[in-house]
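Spelled out, the chains give:
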Amino acid sequence: IALVLAACGGGGGAKSSDDYTKENPLVIKFSHVTAIDSVKGKSADYFAKLVDEKTEGRVKVEVYPSSQLYGDADELDALMSGNVHMIAPSVTKMVKLDPRWQYVDMPFLFQDAEHVQAFFDSEVAQSLFNADALASNDIMGKAFWPNGFKNFSSNKNPLVKPEDFAGQKFRAQAGKVLEAQFKALNAGSATISFGETYAALQQGTVDGTENPHNNFDTMKFYEVQKYYSTSAHGRLDYAIFVNKSFWESMPEDLGKLVDEALAEATTYAQGLAADENAKSLEKIKSVGSVEVYEMSQEERDVLKEAMQPVYDEFADVITKELLDGIEALKK
Ligand code: LMR
């Protein structure tokens, strides 16, 4: 009888829904690297609030923002080992497991926010979640959350034409595609974690960086950068990844409410990103410490041409299926 019980999970200490109360909740640890008031920070907190409401406090999402628990280098490992249960990395940081996630860095791939949303809702996006590389590392992809288009900044000179980048060194998030992007502009790059980027810019370890307006604003990078150009040359977007064993071990009724909350938080995040980025650009323009150059479409086209080598080198890595799939979603 003992054996049968064990096989049914009865001997494994698995808890049932009734074991969780407001006083003794099921805890979901959610770690991320951006500020509380960033697009991701607000969406994560909204998710936590929805879970609290829907489960009447029986599930508690503990959100750890600003790399306070884990930074770029270790949050994925922490997820795989179950030390946290949920992360929302900028998708390019998944390059360690699957290089196709660098689709997001391909220069000028997405036309506008609607194109990005059409991709999130597509089968091609889902196919990234279905990869063996996730399941075999005990990870499940649950949702896409947008941030925005990235823009170049520097301390040396305004960045408009390809030659303006020559000889400068830029902070990059991760991966070979971003390295190749800067190389195409005759510039160097270094992978530096998000939490260390402010200091790297302040101390001159790197001259410049690339960010959506909202990250540049909420990390106060305008304090340590002199020039900002609205290049919108690439995207920075997130996906929600959870620890698979943990997620599947949640009692079914509670898991269903958490999934509902995640779906609603995803709609919230998808509605928030464009507005928050627009507001942040106004703020960056008004602070006075950084000179903002608003690029024209013609100027962007010249940068796009200069970055073509990135496609020559990486189209096969990202795969034709993914690149053509994204292209086909353009309106
Ligand atoms: C970065 O490292 O620049 C971003 O990935 C940070 C973030 O999560 O938005």
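Calculation criteria
Residues numbered from 1 in each chain as written. Predicted model: local features only at pLDDT ≥ 70, side-chain atom pairs only at ≥ 80, totals over all residues. Near = placed C-beta within 6 Å. Nonpolar A, V, L, I, M, F, W, Y, C, P; charged D, E, K, R; others polar. Helix = DSSP H or I, 4+ residues; strand = E, 2+ residues; numbered from the N terminus. Contact = placed C-beta atoms within 7 Å. Core = buried A, V, L, I, M, F, W, Y, C linked by C-beta atoms within 7 Å. Buried ≥ 20, exposed ≤ 12 C-beta atoms within 10 Å, placed from the backbone. pLDDT = per-residue confidence, 0-100. Pairing = 2+ DSSP bridges. Right-handed = clockwise from strand over helix to strand, strands pointing away. Axes fitted to C-alpha atoms, helices over the stretch in contact; angles between N-to-C directions. Left-handed = near helix turned anticlockwise from the far one by under 90°. Parallel < 35°, antiparallel > 145°, perpendicular 65-115°, else oblique. Arc of directions from axis to C-beta.

In the vicinity of the ligand, the contacting residues are Val33, Thr34, Lys40, Asp72, Ser90, Asn147, Gln173, Phe194, Asn215 and Leu236. Classifying every residue of the shell around the ligand by side-chain character gives three nonpolar, five polar and two charged.

Its place among the elements puts Thr197 in helix 8 (residues 197-202). Each C-alpha atom of the pair Thr197 and Asn211 lies 11 Å from the other, and the pair is 14 residues apart in sequence. Apart from residues lying up to four places away in sequence, Thr197 is in contact with Arg171, Ile192 and Thr209.

Counting 79 residues, the largest nonpolar core has Tyr103 and Ile240 as its most contacted members. Counting residues per element, this core draws most heavily on helix 11 (residues 252-287), which supplies eight residues. Setting aside its immediate chain neighbours within four residues, Ile240 contacts Met86, Ala88, Lys142, Ala143, Trp145 and Leu262.

To continue, consider the confidence of the model for the chain. The predicted coordinates should not be examined in detail at positions where pLDDT is low. Here the chain averages 95 in pLDDT, and 96% of its residues register 70 or above. Confidence estimates for the predicted assembly give a pTM of 0.94 and an ipTM of 0.98.

The next subject is the pairing of strand 5 (residues 169-172). Pairing between strand 5 and strand 6 (residues 188-191): four bridges, direction parallel. Each bridged residue has a counterpart across the sheet, and for Arg171 the counterpart in strand 6 is Ala190. Note that the unit made of strand 5, helix 7 (residues 176-184) and strand 6 has a crossover that is right-handed.

A few words now on the packing of helix 7 against helix 13 (residues 308-318). Packing of helix 7 against helix 13 brings their axes to within 8 Å, and their N-to-C directions diverge by 145°. Crossing of helix 7 against helix 13: the hand is right-handed. Residues Val177, Ala180, Gln181 and Ala184 of helix 7 touch helix 13, and the partners they reach there are Pro309, Val310, Glu313 and Phe314.

Moving on, we come to the environment of Thr34. Relative to the helices and strands, Thr34 is located in the loop between strand 1 (26-31) and helix 2 (39-54). In sequence terms Thr34 and Ser66 are 32 residues apart; their C-alpha atoms lie 4.7 Å from each other. Not counting residues within four places of it along the chain, the set of residues in contact with Thr34 comprises Lys40, Gly41, Pro65, Asn215 and Thr218.

With that settled, consider the packing of helix 2 against helix 11. Packing of helix 2 against helix 11 leaves a shortest axis separation of 8 Å and a crossing angle of 150°. It follows from the interaxial angle that helix 2 and helix 11 lie roughly antiparallel. For the pair helix 2 and helix 11, the sense of crossing is right-handed. Contacts between helix 2 and helix 11 involve Val39, Lys42, Ser43, Tyr46, Phe47, Leu50, Val51 and Lys54 on the former and, on the latter, Leu257, Val258, Glu260, Ala261, Leu262, Glu264, Ala265, Tyr268, Ala269, Leu272, Ala273 and Glu276. Residue composition of the contact of helix 2 with helix 11, by class: 14 nonpolar, one polar and five charged.

Next up on the list: helix 13. When we look at burial in helix 13, the residues that qualify are Val310, Phe314 and Ile318. What you see down the axis of helix 13 is that its buried residues fit within an arc of 60°, all on one side. Opposite the buried face of helix 13, at more than 90 degrees from it, the exposed residues are Gln308, Asp312 and Asp316. A positive phi of about 90° marks Thr319, the residue just after helix 13.

With that settled, the discussion passes to the pairing of strand 4 (residues 139-154). Of all 16 residues that make up strand 4, 14 are buried, and the element is covered over most of its length. With four bridges joining them, strand 4 and strand 7 (residues 208-211) adopt antiparallel strand pairing. When the sheet's bridge partners are listed, Asn151 is paired in strand 7 with Asn211.

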